[in-house]
Amino acid sequence: MDGELLRAYEILTRAIVPEDVFGPIQPGSAEPPERAIRSAFHALARVCHPDRFADVGRGAPPPLHNEPDAHEVALEAFKLLTLFHQRAEAKLARGTYGDRNAEVVAEGEAEIRTSTHTYRVSTKPFVEGDLALLYRGTCVGADAPEGHVVAKVARDPRDNDLLRNEIRVLRRLSHAPSAQAKHLPVLLDVFKSDDRQGLVLRQIDALDGTSLRERLAAGVPAIHACWILQRLLSTLGYVHGKGVVHGNIEPSHVLVRPRDHNVFLIDWSYAVVDPVRTGERFRTLNEVYSAPEVEARKPPTPATDLFSVGKTLIYLLGGDPEQGTFPTTVPLPLSRLLTFLTLASHKGRAQSAWHMHKEVERVRQELSGPRPRPFVELLV
């Protein structure tokens, strides 16, 4: 994988406003801002233009399971670069490029200031969880979806350590760019609200697994469930390779974006890092989705996450995750695979997310029949 491409991808995926990509206006510079931004755009475009990696995505052998697809990464990076360039030009035309000053805070909004950005967030949470409150907001100076954020604040100061754990885990997972980054939350900032820990995440416009099941009463069709499962397994393959076990996978922590088939795995507050070396143990128990070894207080392993993913897919397919039963519409190869993922025996079930990723591809190719309706149409 091209190192320059990965560095550019990291800059672009973490950017909120055009200034994060093209830099601020330099006082006293002889070069006009328009020319400086154009030069920065062309320099990045040379690095991440998809044509540089066309052979990777067209006819070349697939990459190794732990190697990002360069063409796919370049496509995403160049799309973001083009959007930020358009917004930079729009800000230049309005004379606001480089202006990060906070605007007047409207009624029903609060302002969060950090060392790098200012955010305006609703004072009413849209999610009130046992651990944290979630507030929608925007980054001041950002007039595009990339500037939409979610502020996550601990409900109780006694839970600050769990949010600090999430910050630690997300920083570890984003330390180096990867193709799986598009399936993970983007940590933008951290802050303190009184005596409670907070963090700012990029907003994800997607349906969580519980909402998805409510929209599809008969369950997610098998062919679509396969791509959801493959993306989750790809994410876990990467995460486990970084020494992290999620430890709390269930439907509300799986987000699906129908328009582009993307899947996100969220809520890393209970994750465990390098359990063999650190001795860290599971931090929570979910009676339906946690593997038996969690209640037994055994050491965390990747197989525990695979159990929870299997139970989550049973639920999405319209089955009963507690009993491990499936609707009759689920093809036998898929139900067998999910049964293997959810065996009670820790050593008897699947151990490797990457191995199971290949197995899902085999199952997906076995599924025959008429071309399925596009997933987004099923939700209309």
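The rules behind each value
Residues numbered from 1 in each chain as written. Predicted model: local features only at pLDDT ≥ 70, side-chain atom pairs only at ≥ 80, totals over all residues. Heavy atoms only, no water. Pairing = 2+ DSSP bridges. Helix = DSSP H or I, 4+ residues; strand = E, 2+ residues; numbered from the N terminus. Buried < 20%, exposed > 50% of the residue type's maximum accessible area, 1.4 Å probe, protein only. Arc of directions from axis to C-beta. Contact = heavy atoms within 4.5 Å. Patch = residues over 30% accessible without salt bridge, like charges linked within 9 Å, V, L, I, M, F, W, Y side chains within 5 Å. Areas by Shrake-Rupley, 256 points an atom, 1.4 Å probe, with all protein chains shown as cover. Salt bridge = Lys/Arg side-chain N within 4 Å of Asp/Glu carboxyl O. Lys, Arg positive; Asp, Glu negative; His and termini not counted. Charge placed at Lys NZ, Arg CZ, Asp CG, Glu CD. 1 Å grid on protein atoms, 1.4 Å probe; cavity = no way out; pocket = protein on both sides within 12 Å on 5 of 7 lines; lining within 4 Å. Points joined across faces, edges and corners; volume = space filled by probe spheres on them. Nonpolar A, V, L, I, M, F, W, Y, C, P; charged D, E, K, R; others polar. Axes fitted to C-alpha atoms, helices over the stretch in contact; angles between N-to-C directions. Parallel < 35°, antiparallel > 145°, perpendicular 65-115°, else oblique. Left-handed = near helix turned anticlockwise from the far one by under 90°.

Asker: Sorry if this is basic, but what is going on with the sheet that holds strand β11 (residues 262–265) here?
Answerer: Strand-to-strand pairing in sheets goes through backbone hydrogen bonds, with the strands running parallel or antiparallel. Sheet architecture is open: three strands sit in the order β8-β10-β11, paired in antiparallel fashion. The open sheet terminates on both sides in strands that have one partner only, identified here as β8 (207–208) and β11. In the sheet, strand β10 (residues 254–257) pairs with β11 via four bridges, with the strands oriented antiparallel. Across the sheet, V254 pairs through a bridge with L265, a residue of β11.

Asker: Teacher, can you tell me more about the pairing of strand β5 (residues 148–154) here?
Answerer: By the criterion of burial, β5 is predominantly enclosed, with six of the seven residues buried. As judged from the seven bridges shared by strand β4 (residues 132–139) and β5, these two strands associate in the antiparallel manner. Bridged to G137 within β5 is V149. The pairing of β5 with strand β7 (residues 196–202) spans five bridges and is antiparallel. Bridged to K152 within β7 is L199.

Asker: Hey, could you run me through unusual backbone geometry in this one?
Answerer: Glycine aside, negative phi is the norm for most residues, and most peptide bonds take the trans geometry. Phi is positive for H261, close to 60°, though the residue is something other than glycine. Within the element layout of this structure, H261 appears in the loop between β10 and β11. Positive phi, normally seen in glycine, also occurs at D267, with a value near 60°. Along the chain, the position of D267 falls in the loop between β11 and β12 (272–273).

Asker: How should helix α12 (residues 332–341) be read in this particular structure?
Answerer: In an α-helix there are 3.6 residues to a turn, and that puts residues three or four apart on one side. Considered for burial, the residues of α12 that qualify are L334, S335, L337, L338 and L341. Taken down its axis, α12 places every buried residue within 160° of arc, on the same side. On its buried face, α12 sits against α8 (222–241), α11 (302–316) and α13 (353–366).

Asker: Any chance you could explain a negative patch on the surface here in plain terms?
Answerer: Taken together, the side chains of E287, E295, D320 and E322 present a region of like negative charge at the surface. In this fold, D320 is placed in the loop between α11 and α12. Judged by relative accessible area, which is 32%, D320 ranks as partly exposed.

Asker: What exactly am I supposed to notice about the layout of surface pockets here?
Answerer: Empty space among the atoms becomes apparent when a probe as large as a water molecule is rolled across them. Counted as a void, the second largest pocket has a volume near 840 Å³. In terms of lining residues, the second largest pocket is bounded by 29 residues, among which F126, V127, L134, S252 and I266 are the most central. Going through the elements one at a time, β4, β5, β7 and β8 are the ones with two or more residues in the lining of the second largest pocket. Counted by class, the lining of the second largest pocket contains 15 nonpolar, six polar and eight charged residues.

Asker: Just checking my understanding: could you explain the pattern of salt bridges for this structure?
Answerer: A side chain of one charge can pair with a side chain of the opposite charge when the charged atoms of the two come close. Across all of its chains, the model carries 16 salt bridges by this definition. A salt bridge links D267 to K152; its shortest N-O distance comes to 3.5 Å. Of the two residues, D267 is situated in the loop between β11 and β12 and K152 in strand β5; the sequence distance between them amounts to 115 residues. A salt bridge links R172 to D274; its shortest N-O distance comes to 2.8 Å. Taken together, the positions of R172 in helix α6 (residues 160–173) and D274 in the loop between β12 and α9 (275–278) put the pair 102 residues apart, joining distant regions of the chain. The network of salt bridges with common partners includes K152, E166 and D267.

Asker: Teacher, can you tell me more about the environment of P251 here?
Answerer: As for its position among the elements, P251 is in the loop between β9 (244–245) and β10. Separated by 213 residues in sequence, P251 and R38 place their C-alpha atoms 44 Å apart. If sequence neighbours within four positions are ignored, P251 has contacts with D208, G209, T210, Y289, T312 and Y315.

Asker: Got a minute to help me understand the packing of helix α1 (residues 3–14) against helix α3 (residues 33–48) in this structure?
Answerer: A pair of packed helices can be characterised by two numbers: the angle between their axes and the separation between those axes. Remark: α1 packs on α3, axes separated minimally by 8 Å, with the N-to-C direction vectors making an angle of 125°. It follows from the interaxial angle that α1 and α3 lie oblique. For the pair α1 and α3, the sense of crossing is left-handed. Two secondary-structure elements touch here, α1 through E4, L5 and A8 and α3 through L44, V47 and C48.

Geometric descriptors of this kind do not, in isolation, establish any biological role.
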